[in-house]
Amino acid sequence: VNTHSRREVIKAMGYSAIAAGASWKAPSLMASPAPTAPVAIGTCKTYNSVELLSTLDKMFDQLGGLKRIVNGKTVAIKINCTGEATWRLGYLPLGDTHYTSPEVITAAVHLMGKAGAKRIRIVESSFSSVPLEELLLQADWDPRQIASAASNVDFENTNFLGKGKKYSRLVVPFGGYLFPAFELNHSYSDCDVFVSMAKLKEHETTGFTLSMKNCFGITPCSIYGSTAGIDEPDENPRGGRGTLHSGKRQPSKIAPAELDPTSSRQDGYRVPRAVVDLVAARPIDLQIIDGVKSMSGGEGPWAPGVAFVQPGLLVAGTNPVATDAVGMALMGLDPMADRGSHPFAACDKSGACDNMLRLAEQAGLGTRDLNRIEVIGARIKDVAVNYAAQRTASLKRYGPLPTRGISPALT
Amino acid sequence: MSGIMSSELIPMRWPSQWRDSSALQHLSNTHINCLLIEGPDPLQSVVEQAQKNGIRVIHGTSELPGVTVVQGILPGVRLSRTGGRNTASSGPTGLPWVNSNGWEILLMAALNPKSTIWVDVTPKDPSESYQLCAADVAAFGGNWIISLDDQLAAGIERGDGASVETWKGLIESVEFFATHNYKSAYSGSAVVGVLSSFSDDNKALSWEVVKLLTRTTEQYRIIPIGSFSADSLSGLQAMLCPDSDPPGGTIRKQLLDFVQAGGLLITRSAWQDMPGTPADWEHPRYDGRVLGKGSIAVAKSKDAADAYAMANDAVVLVSHRFDLLRFWNAGSVSAFLSQASDGKGAVVQMVFYARELNGKMALGGPENATVKVAGRYRTARLLTFDKQPLTLGQPDDHGVGMLIDEHSVELHLPPLSCYAAVELGV
């Protein structure tokens, strides 16, 4: 696939869909097997730059080389900085628990620069309109370290219009489960190559969060937030993405409304579908999952009973469904599981959740069947970590690590 | 006792329920050395016995030259009308709204540099945190006129267990601040200066900006225009000027010199015709200009300024890169960093109003806060009202302690109540 032309196609699809008044058809099961792609697993015990660079370099080679993907291209890397930067799990740095580690970001940026990337933009939608660099500083990172890892590196908070002049409409090619198209920050259409750099984590609502769920955060709260403007975006957004989570309201009217406002309002129904719609609208060209250090039991320190874990793993791939299927397996989870079974049986308030990998597979985005995925590097059975067991061990060793000092009894 | 300077007085309002001089026993072995006895009935026996005990008695604060009294508010997180203790109302950020007297103490001290600042506020019932009242005032260099609600005063007289415990806790905090007078040995550190007349048409906005800056934990210096000097800019990264009209003459020149040397100047829209060239950065509410090594941010809108946006924009325009204090898991906190006059130490005072997660509130301090302090420190000693000082060393795995970096220290704090201080040494 010529990624440059894909960029143009994505944009063109948006505009033509607007003109055509994009009609929705319910996605049907694939007639042919969902696509697959190799997934590389690397073992990496620390965030030491030498170990990270050599491990990632080898993994990218195993996938056919980074040059093939980024040479001469504009790259956008969506990192995972969920929640406020002032929340820690205990005293641990955010990059050791629920944020993509700054060292992994720096190493990947460096390798992409070496592979000929023309421009690299680090993107994330932090819960406000402050520059992304300021969020990173609050997290105690130095954005200059990332910016100096290659030439032409910049940052953008994509939670609002940002540095763009207008939003980009990206259409869901298969019609969408919830939304036919999205209005996103320009960074997601301006890039030739889109990278999702996730953390190897479980998730309270969706069971797990990897490269696909990371893209939930590409939606601007100026349009999809609980406080978004009704008609026009609110360019000073606050709070979370209630429009996508609970669906109590529709996005700002400049964006396409939901396909079926009478559908379930349950988080466990909506969030996986919104994620698949987003990943279809803005395909992920490269997935990198940081599992060197992480947390188990949830996606952030606010989830009850979470614990620090050290899987010592990195994962990379070029098909997000296949990559996330391997990621699930590395956490001791079954990618073929679905609503009603672990980890989709008891998702927070909504009770149960659909497996976004099944929905993505049905939409033709990729396979979740490990038998159809070529795994390169370490073998899953040799390096997989039982997150539940690690959580138990971690809690035994360190005790519960409450955040912001709140006692469970007070919640 | 009349020889005691106003700045050394630790005042208490004599409770109207305490009708007998025997109640003075409650003050024995405390540092309370000034009684404010109000009302038409002078309680002569109390006055005489107090004076015999070496306590200064006053009948109104106006009797004391050199004391400026602030009518304070009860510190803490504002709870919602419908909610219980775990429900709080939110401010514009979605974070709970904190009531504090700290900003007004700093402001009054800047406007009345030779005065001691007393804060007059009386809790409504014994459930209020008396220690928090004391800490919220003292951490910012003020003196609380210790005032007991009627129920607590009566309970102490009766010897009621809970009331006596509350009183002991209050006295603990009074003793702490009497024996740790950071105000005299340390001076405040700051990243941003706020320059204003703080009066007339400028009063409402400038006062509100100072109040809201306090909530960000940004360390700031209040600079009344009337007392501006070149020293006012010492050590600052930025100057925030909320007044609508720009100053002229010498002050304007010194501000521009500050920018030339690398500082940031943040002004209202009326500050047109600023020198320099357009900056390459964009901001939704400010036009940027580059001048020498520094820059100027001029508000785009001519409309009345939004104090909340101004305070928070200033913090971002200055950049968190220059944070002197950075907190994690601290809940609702106010913090005041000051440096020893000999440059060999510092103290961080922290007042915790509530712990919270996702909007759910609980009174009290955090269980595992972290604070990062800029500076080359090598020792840290944690002090609280009720525990022995704790020297923070290299932390165990995931534990309490101090991580030393080249230009900062990161302090992993144990469970705390409403106040803690960390004394840092080089």
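If you're wondering where the values come from, they're calculated on a predicted model, not measured in any experiment.

Student: How should the overall build of chain B be read in this particular structure?
Tutor: Along its length, chain B carries nine helices and 26 strands. Against the globule reference of 22 Å for 426 residues, chain B gives a C-alpha radius of gyration of 23 Å, in line with a compact fold. Oriented by its inertia axes, the alpha-carbon framework of chain B measures out at about 75 × 55 × 50 Å. In chain B, which comprises 426 residues, the share counted as buried stands at 56%. Long-range pairs, those at least 24 residues apart, make up 68% of the contacts in chain B with a sequence separation of at least 6. With the model as given, the accessible surface of chain B reaches about 18200 Å², and the carbon-plus-sulfur share is 49%. The positive charge centre, built from 34 side chains, and the negative charge centre, built from 44, are 4 Å apart in chain B.

Student: Would you mind showing me how to read the overall build of chain A here?
Tutor: If you tally the helices and strands in chain A, you get 14 helices and 14 strands. Counting all 411 residues of chain A, 63% fall into the buried class. If you take every contact in chain A between residues at least 6 apart in sequence, the share linking residues at least 24 apart comes to 74%. Carbon together with sulfur atoms contributes 54% to the accessible area of chain A, which is approximately 14300 Å² in total.

Student: Explanation requested: the pattern of salt bridges in the structure shown.
Tutor: Side chains that differ in sign of charge can pair as their charged atoms come close. All names here are of chain A. Evaluation of the coordinates by the stated rule reveals 33 salt bridges over all chains. As a salt-bridge pair, Arg-368 and Glu-361 come within 3.0 Å of each other at their nearest N and O atoms. Each member of the pair Arg-368 and Glu-361 is classed as buried. Among the ionic pairs, Asp-382 bridges to Lys-381, the shortest N-O distance being 3.7 Å. Judged by relative accessible area, which is 48%, Asp-382 ranks as partly exposed.

Student: Quick question: what am I supposed to make of helix H5 (residues 161–179) of chain B here?
Tutor: Given a rise of 1.5 Å per residue, 19 residues ought to cover 27 Å, and the 27 Å separating the end C-alpha atoms of H5 of chain B matches this to within 8%. Of all the positions in H5 of chain B, only Ser-163, Trp-167, Gly-169, Leu-170, Ile-171, Ser-173, Val-174, Glu-175, Phe-176 and Phe-177 of chain B are classed as buried.

Student: Is there a simple way to think about unusual backbone geometry in this case?
Tutor: Most peptide bonds take the trans form, and the phi angle of most residues other than glycine is negative. In this structure, Pro-343 of chain A follows His-342 of chain A across a cis peptide bond, with omega equal to 5 degrees. Mapped onto the elements of the fold, Pro-343 of chain A is located in the loop between helix H11 (320–330) and helix H12 (356–362). Positive phi is not limited to glycine here, since Asp-200 of chain B has a value of about 50 degrees. Structurally, Asp-200 of chain B can be placed in the loop between strand S10 (192–196) and helix H7 (203–215). Owing to a relative accessible area of 70%, Asp-200 of chain B belongs among the exposed residues under this scheme.

Student: Just checking my understanding: could you explain the sheet that holds strand S4 (residues 67–71) of chain B for this structure?
Tutor: Each strand in a sheet pairs with its neighbour through backbone hydrogen bonds, running either in the same direction (parallel) or in the opposite one (antiparallel). Residue and element names in this part refer to chain B. The strand order across the open sheet formed by three strands is S4-S7-S8, and the pairing between neighbours is parallel. Both edges of this open sheet fall to S4 and strand S8 (143–144), since each of them pairs with a single strand only. In the sheet, strand S7 (residues 116–120) pairs with S8 via two bridges, with the strands oriented parallel. Paired with Val-119 across the bridge in S8 is Trp-144.

Student: Explain the environment of Val-371 of chain B here, please?
Tutor: All names here are of chain B. Structurally, Val-371 is set in strand S21 (residues 370–374). Taking the C-alpha atoms as reference points, Val-371 and Leu-411, separated by 40 residues in sequence, lie 5.3 Å from one another. Filtering out sequence-adjacent residues up to four positions away, Val-371 remains in contact with Leu-325, Arg-326, Phe-327, Met-350, Val-409, Glu-410, Leu-411 and Leu-413.

Student: Is there a simple way to think about the sheet that holds strand S7 (residues 193–199) of chain A in this case?
Tutor: Residue and element names in this part refer to chain A. Here eight strands make up an open sheet; going across it, the order is S4-S3-S2-S7-S10-S13-S1-S14 and the pairing mixed. The open sheet has two edge strands with one neighbour each: strand S4 (153–157) and strand S14 (375–377). In this sheet, adjacent strand axes meet at a mean angle of 20 degrees when their direction is disregarded. Pairing of S7 with strand S10 (residues 286–291), which is carried by five bridges, proceeds in the parallel orientation. Each residue of the ladder has a partner; that of Lys-199, found in S10, is Asp-290. On the sheet, H11 packs against strand S1 (39–43), S10, strand S13 (313–317) and S14 and is oriented at approximately 160 degrees with respect to S13.

Student: Would you take a moment to explain the confidence of the model for chain A for this structure?
Tutor: Keep in mind that low pLDDT regions are not for reading the predicted coordinates in detail. Residues and elements named next belong to chain A. Summing up the model confidence of chain A, the mean pLDDT is 89 and the portion of residues at 70 or higher is 88%. Counted against residues more than four places away or in other chains, residues 1–6, with its pLDDT under 50, gives 10 contacts. Within the model, pLDDT remains below 50 along residues 402–411, and this stretch shows 37 contacts once partners closer than five positions in the same chain are excluded.

Student: Help me out: how do you make sense of the packing of helix H4 (residues 150–158) of chain B against H5 of chain B in this one?
Tutor: Think of two packed helices as two axes; the pair is described by the angle between the axes and how far apart they sit. Residue and element names in this part refer to chain B. Across the interface, H4 lies against H5 with an axial gap of 8 Å and an inter-helix angle of 105 degrees. The orientation of H4 relative to H5 falls into the category roughly perpendicular. Listed contacts from H5 to Leu-152, Gly-155 and Ile-156 of H4 are Ser-163, Thr-166 and Trp-167.

Student: What am I meant to see in the nonpolar core here?
Tutor: Burial of nonpolar side chains together is a common tendency in soluble globular proteins. In terms of nonpolar packing, the biggest core is built from 114 residues, with Trp-14, Leu-148, Met-350, Val-373, Leu-411, Leu-413 and Tyr-419 of chain B touching the most fellow members. Broken down by element, this core gets its largest block of residues, eight residues, from strand S19 (residues 345–357) of chain B. Not counting residues up to four positions away in its chain, the partners in contact with Leu-413 of chain B are Tyr-91 of chain A together with Met-350, Glu-367, Asn-368, Ala-369, Val-371, Leu-382, Leu-392, Val-400 and Val-422 of chain B. The next biggest cluster of nonpolar side chains, apart from the first, holds 67 residues, and it includes Val-123, Tyr-167, Ala-280 and Ala-329 of chain A.

Student: Where do I start with the packing of aromatic side chains in this structure?
Tutor: Aromatic ring pairs are described here by two measures, namely the spacing of the ring centres and the angle between the planes. In the structure shown here, the tally under the stated rule is 20 aromatic pairs over all chains. Here the aromatic rings of Phe-179 of chain A and Phe-182 of chain A are separated by 5.4 Å at their centres, their planes lie at 45 degrees, and the arrangement is tilted. By relative accessible area, Phe-179 of chain A is classed as buried at 0%. Looking at Phe-182 of chain A, the relative accessible area reads 0%, which means it is buried. Aromatic side chains Phe-177 of chain B and Tyr-419 of chain B sit 4.9 Å apart centroid to centroid with 70 degrees between the ring planes, which places their arrangement in the edge-to-face category. With Phe-177 of chain B in helix H5 and Tyr-419 of chain B in strand S26 (residues 419–425), the pair connects residues that are 242 residues apart, well separated along the chain. Accessibility expressed as a relative area gives 14% for Phe-177 of chain B, which makes it buried. For Tyr-419 of chain B, a relative accessible area of 0% translates into the label buried. Through a chain of ring-to-ring contacts, the aromatic side chains of Phe-176, Phe-177, Phe-385 and Tyr-419 of chain B assemble into a single cluster. The lysine or arginine in question, Arg-273 of chain A, covers the ring of Tyr-177 of chain A, its NZ or CZ lying 5.9 Å from the ring centre. For the cation-ring pair, Lys-203 of chain B lies above Trp-207 of chain B, with the distance from its terminal atom to the ring centre recorded as 4.4 Å.

Student: What is the right way to read the pairing of S26 of chain B from this model?
Tutor: All names here are of chain B. Of all the seven residues making up S26, seven are buried; the element is thus mostly covered by neighbouring parts of the structure. Here strand S22 (residues 379–383) pairs with S26 via five bridges, running antiparallel. By the bridge assignment, Arg-381 is partnered in S26 with Glu-423.

Student: How do you make sense of the pairing of strand S25 (residues 408–412) of chain B when you look at a structure like this?
Tutor: Looking down a regular strand, the side chains alternate between one sheet face and the other. Residue and element names in this part refer to chain B. Counting buried positions along S25 yields five of five residues, so the element is predominantly enclosed. The alternating pattern of S25 places Ser-408, Glu-410 and His-412 on one face and Val-409 and Leu-411 on the opposite face, and all of these are buried. In this structure, S21 lies alongside S25, joined through five bridges in antiparallel fashion. What sits directly across from Val-371, in S25, is Leu-411.

Student: What am I meant to see in the confidence of the model for chain B here?
Tutor: Residues and elements named next belong to chain B. Of the residues in chain B, 93% reach a pLDDT of 70 or more, and the chain-wide mean stands at 90. Note that pLDDT drops below 50 for residues 80–94; the model gives that stretch 35 contacts with residues more than four away or on any other chain. Complex prediction metrics read pTM 0.91 and ipTM 0.90.

Student: Sorry if this is basic, but what is going on with helix H2 (residues 49–62) of chain A here?
Tutor: Since one α-helical turn is 3.6 residues long, residues separated by three or four positions face the same way. All names here are of chain A. Over its 14 residues, H2 extends 20 Å from the first C-alpha to the last, a length consistent with the 20 Å expected when each residue adds 1.5 Å. Within H2, burial applies to Leu-52, Thr-55, Leu-56, Met-59 and Phe-60. Looking straight down H2, one finds that the buried residues subtend no more than 130 degrees of arc, so they occupy a single side. Opposite the packed face of H2, turned more than 90 degrees from it, sit the exposed residues Val-50, Lys-58 and Asp-61. The inward-facing, buried residues of H2 contact S1, helix H4 (102–114), S10 and S13. Count one or two residues on from H2 and you reach Gly-64, which has phi positive near 105 degrees.

Each value, and the rule that gives it
- Residues numbered from 1 in each chain as written.
- Chains lettered and ligands numbered in written order.
- Predicted model: local features only at pLDDT ≥ 70, side-chain atom pairs only at ≥ 80, totals over all residues.
- Heavy atoms only, no water.
- Helix = DSSP H or I, 4+ residues; strand = E, 2+ residues; numbered from the N terminus.
- Rg over C-alpha atoms; globule rule 2.2 N^0.38 Å.
- Buried < 20%, exposed > 50% of the residue type's maximum accessible area, 1.4 Å probe, protein only.
- Contact = heavy atoms within 4.5 Å.
- Areas by Shrake-Rupley, 256 points an atom, 1.4 Å probe, with all protein chains shown as cover.
- Lys, Arg positive; Asp, Glu negative; His and termini not counted.
- Charge placed at Lys NZ, Arg CZ, Asp CG, Glu CD.
- Salt bridge = Lys/Arg side-chain N within 4 Å of Asp/Glu carboxyl O.
- Expected span 1.5 Å × (residues − 1).
- Pairing = 2+ DSSP bridges.
- Axes fitted to C-alpha atoms, helices over the stretch in contact; angles between N-to-C directions.
- pLDDT = per-residue confidence, 0-100.
- Parallel < 35°, antiparallel > 145°, perpendicular 65-115°, else oblique.
- Core = buried A, V, L, I, M, F, W, Y, C linked by side-chain atoms within 4.5 Å.
- Phe/Tyr/Trp six-rings, centres within 6.5 Å; stacked < 30°, edge-to-face > 60°.
- Lys NZ or Arg CZ within 6 Å of the ring centre and 35° of its normal.
- Arc of directions from axis to C-beta.

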